[in-house]
Amino acid sequence: MNETAGVRFRRLHRAHVITEELPERRLKGSSLKDPPLMKGCWEPNQKLREAQRLYEDQILGPESIANIGDVLFTGTADGKILKLIGRRVVTVTRLGRLPCGSREDEPTCGRPLGIRVGPNGTLFVADAYLGLFEVNPTTGAATRLVSGGQVVAGRKLSFINDLTVTQDGKKVYFTDSSSRWQRRDYLQLIMEATADGRVLEYDAETKELSVVMENLRFPNGIQLLPNEESVLVAETTMARIRRVHVAGLNKGGMDTFVDNLPGFPDNVRPSSTGGYWVTMAAVRPNPGFSMLDFLSQRPWIKKFIFKANVPRVPRITLALCAVDGLKLALGAADGPTLAMCATDGPTLAMCAADGPTPTGPEAPQHTRGTGHHIRVYTGPDPKQPSRKNPKPRRPAGAPIRGRPRDPRPPASSPCPPPQNPPRAPHAADVGPPEASQALPRWG
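Asks: Before we move on, could you go through the packing of aromatic side chains and cite the residues and values that matter?
Replies: Within the structure shown, the criterion is met by two aromatic pairs. Ring centres of Phe257 and Tyr276 lie 6.4 Å apart, and the angle between their planes is 85°; on these two criteria the pair is classed as edge-to-face. Here Tyr276 lies in strand E22 (residues 276-283) and Phe257 lies in strand E20 (residues 254-258), a separation of 19 residues in the sequence. Using a relative accessible area of 28% as the deciding quantity, one classes Tyr276 as partly exposed.

Written out as structure tokens, the structure reads:
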């Protein structure tokens, strides 16, 4: 792999930012608008179910696709750049090094995301960890243009996502989704919801790297407009597409191209009719329930999940509820990854997104209530039984032997003592939340 001589950095003159949001607001948390009704042009259909499936179960996690004639190229989750010819799958190159396959190996294995074809027939690849590359599709020779993890204008390139190239190949524009979180930590990026994403420009002639736009929330897919004076940028967690001016009189400005999409946009690519294809990482059904919309209106829940989603969390069961909208009953989680789930209207439940929902008589009962009055039922971790030989349950109506249990929780418990003995949960209280309500995956 060839390395270019160092990259020089250039600080652009800050132009006036054309946007409907004030700069100070863009630095703070922002909530989503109500999703549009699924009517008219947003009405759901089944057309994609009629699509032909290609290379099913042959490639792992292809993110972006580029083509040279009938030959397709893509990057996969195991760090490879693949060439798809007819029914054959050929490895062009591997940008990182083995081993691959685990979360810990991802930064060294690499994760190719955006991929484009340059004017001279080479491939431009954006790797989330390793940087920008130019790859010869015939020989597999790869040249690193920009190194991932380096500091540009005071911030690290932590999550390089997508890229777009000018027709002459002299300029490459790419998105850095976060200066703090890596691709493997995208859930933390969603929970924190800070505007630390950027659009950057790489000049292939001068080797200069500059920041075009900053303070974006999860900038993802990027597409150069035909006049090459602006790029479209999918701001995923805000469910909108921005237009960032990268050249001309408005250089350094930004406005909204389309707002309040019915889903969370990922890649953006031109269509043959002059429009653009926009893929959605998750849908915002209306009528229906969207987890990210729910959390955007309740930042205190996002903060709690974000703080709990760390490796130091003890592996016990968690339940979260609001009592009269004021008091909270909190516990810890079964596993480091959490997801908020809605099971029945105002009913809320907290579950582990990376493991099965506990079941059985000792499983934690999900919360249920009416309006703002919600009760919480918790139980021991089913993976860690409290005793090796649990005693059988007392038959209904049998007398209680010995001293009755103290209903007060231990001093270390985060939950307040119950005011009234909880009622016995019924069948409607229990049930795993729908898998579709889990937080979406990106990249």
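That covers the picture; the talk isn't over yet.
Asks: Could you give an account of the side chain of Thr164, with specific residues and numbers?
Replies: Looking at the element boundaries, Thr164 is found in strand E13 (residues 160-165). Among the residues examined, Thr164 registers a relative accessible area of 2% and is labelled buried. Only 3.3 Å separates the side chain of Thr164 from the backbone nitrogen of Leu224, close enough to count as a polar contact. Those residues in contact with Thr164, other than ones at most four positions away along the chain, are Arg116, Lys171, Val172, Tyr173, Ile222, Gln223, Leu224 and Val231.

Asks: Residue-level account of unusual backbone geometry, with values.
Replies: Cis peptide bonds are those with omega within 30 degrees of zero, and the linkage from Leu98 to Pro99 qualifies with 5°. Put simply, Asn286 and Pro287 share a cis peptide bond, and its omega is 5°. Along the chain, Pro287 falls in the loop between E22 and helix H4 (291-296).

Asks: Give me the environment of Pro262: which residues, what numbers.
Replies: If you trace the backbone, Pro262 turns up in the loop between E20 and strand E21 (263-270). For Pro262, a relative accessible area of 10% puts it in the buried group. Between the C-alpha atoms of Pro262 and Glu43, which are 219 residues apart in sequence, the distance is 9.9 Å.

Definitions and cut-offs
- Residues numbered from 1 in each chain as written.
- Predicted model: local features only at pLDDT ≥ 70, side-chain atom pairs only at ≥ 80, totals over all residues.
- Heavy atoms only, no water.
- Phe/Tyr/Trp six-rings, centres within 6.5 Å; stacked < 30°, edge-to-face > 60°.
- Helix = DSSP H or I, 4+ residues; strand = E, 2+ residues; numbered from the N terminus.
- Buried < 20%, exposed > 50% of the residue type's maximum accessible area, 1.4 Å probe, protein only.
- Polar contact = N/O pair within 3.5 Å; in protein donor to acceptor, adjacent residues only side chain to side chain.
- Contact = heavy atoms within 4.5 Å.

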